[in-house]
Amino acid sequence: MAKKRRTAVPPFVFPNTTKTTKPAKSASSEVLLRNSFILTKKMHLEYSRHTYRIFHKKWRNKVLLLATVVIASGLLLILWPHWYIPGILALVAGIYFFFMGLFGYVYGSYKEYRNFQEFFGPLVEMEVEFHPKHFRVKTAKGDRDFLYMQIMRRIELQNMSILIVGADGIIVHGQIVDKKSFEPMELSTYYDILENAGVSVS
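If you're wondering where the values come from, they're calculated on a predicted model, not measured in any experiment.

What follows deals with the pairing of strand S4 (residues 142–147). Along any regular strand the residues' side chains alternate between the sheet's two faces. By the criterion of burial, S4 is predominantly enclosed, with six of the six residues buried. Of the two faces of S4, both are covered, the one formed by Gly142, Arg144 and Phe146 as well as the one formed by Asp143, Asp145 and Leu147. Here strand S3 (residues 134–139) runs beside S4; their pairing, made up of six bridges, is antiparallel. By the bridge assignment for S4, Val137 is matched with Arg144. Between S3 and S4, which pair antiparallel one after the other, the connecting turn spans two residues.

Rendered as structure tokens:
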């Protein structure tokens, strides 16, 4: 049996999962809606940009604090002892940390997408099935179910939705729903399913 993970699981990667995780017994197996799509680099970059503060909040805050301290130290070295070379080096390092804190998701998104391609294949295909009590993520490497009551956050963007799933207060999964893959009436059905399940935009 796989050990329970205590850290955030990267989206779409199901470690040690080859079979569907069974939902609660009361959850119906009826499929209300399907959302099939190919995850592209552009989609994953947008996903990463909007979830960066959620998945990496503590790391981001520490890096920004470090950047502030290093930049301040660099300025002090330049202004008072007039140690220009150490001061300039400190400023450069501080600016680097600052941009990593704000835009580190760009590199992280690129690296994660490469991992997805190695894991799933060149085309990262997936399907999200919506049931009355849960949604199921289907990939070439296995399926996994999540109860709607486990959704901690729902982010609505122009072309996608992001469902952040948690267990015991810990984020365990982030799921993209591609709105472009829906027909107009299907998009309305999707909103109704989440609203009826008590999943509101946050």
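On average, residues of the protein chain carry a pLDDT of 85, and 86% of them reach 70 or more. For the protein chain, helix H2 (residues 57–79) is the element with the lowest average pLDDT, namely 90, and strand S1 (residues 33–39) is the one with the highest, namely 97.

Helix H3 (residues 84–120) packs onto H2 with a crossing angle of 160° between their chain directions and a minimal axis gap of 7 Å. Between H2 and H3, the angle is such that the two are roughly antiparallel. The way H2 lies across H3 gives a crossing that is left-handed. Here the contact of H2 with H3 is built from residues that sort into 21 nonpolar, four polar and one charged.

With 23 residues, H2 should reach 33 Å at 1.5 Å per residue; the first-to-last C-alpha distance of 33 Å fits that figure. All of the buried residues along H2 are Arg60, Val63, Leu64, Ala67, Val70, Gly74 and Ile78. Buried residues belonging to H2 abut helix H1 (41–55) and H3.

According to the stated counting rule, one finds 13 aromatic pairs in the structure shown. Through successive ring pairs, a cluster of aromatic residues spans Phe130, Phe135, Phe146, Tyr148, Phe182, Tyr190 and Tyr191. The ring centre of Phe119 lies 5.6 Å from the NZ or CZ of Lys141, which sits over that ring.

With that settled, the discussion passes to H1. At Arg49, H1 shows its largest kink, close to 40°. Every buried residue of H1 is listed here: Met43, His44, Tyr47, Ser48, Thr51, Tyr52, Ile54 and Phe55. Looking at the packing, one finds that the buried side of H1 touches S1, H2, H3, strand S5 (151–156), strand S6 (160–167) and strand S7 (170–178).

Among the structural elements, Lys42 can be located in helix H1. For the pair Lys42 and Tyr110, spaced 68 residues apart in the sequence, the C-alpha separation amounts to 9.8 Å.

Moving on, we come to the side chain of Thr51. Considering the arrangement of structural elements, one finds Thr51 in helix H1. Within polar-contact distance, the side chain of Thr51 engages the backbone oxygen of Tyr47 at 2.9 Å.

Look at H1 against H2: their axes get within 5 Å of each other, and the N-to-C directions meet at 85°. Regarding the angle of H1 to H2, the classification is roughly perpendicular. Taken together, the residues of H2 that come into contact with H1 (itself represented by Tyr52, Arg53, Ile54 and Phe55) are Lys57, Trp59 and Arg60.

What counts, and where the lines are drawn
Residues numbered from 1 in each chain as written. Predicted model: local features only at pLDDT ≥ 70, side-chain atom pairs only at ≥ 80, totals over all residues. Heavy atoms only, no water. Buried < 20%, exposed > 50% of the residue type's maximum accessible area, 1.4 Å probe, protein only. Helix = DSSP H or I, 4+ residues; strand = E, 2+ residues; numbered from the N terminus. Pairing = 2+ DSSP bridges. pLDDT = per-residue confidence, 0-100. Axes fitted to C-alpha atoms, helices over the stretch in contact; angles between N-to-C directions. Parallel < 35°, antiparallel > 145°, perpendicular 65-115°, else oblique. Left-handed = near helix turned anticlockwise from the far one by under 90°. Nonpolar A, V, L, I, M, F, W, Y, C, P; charged D, E, K, R; others polar. Expected span 1.5 Å × (residues − 1). Contact = heavy atoms within 4.5 Å. Phe/Tyr/Trp six-rings, centres within 6.5 Å; stacked < 30°, edge-to-face > 60°. Lys NZ or Arg CZ within 6 Å of the ring centre and 35° of its normal. Bend = angle between axes of the 7 residues up to and from the residue. Polar contact = N/O pair within 3.5 Å; in protein donor to acceptor, adjacent residues only side chain to side chain.

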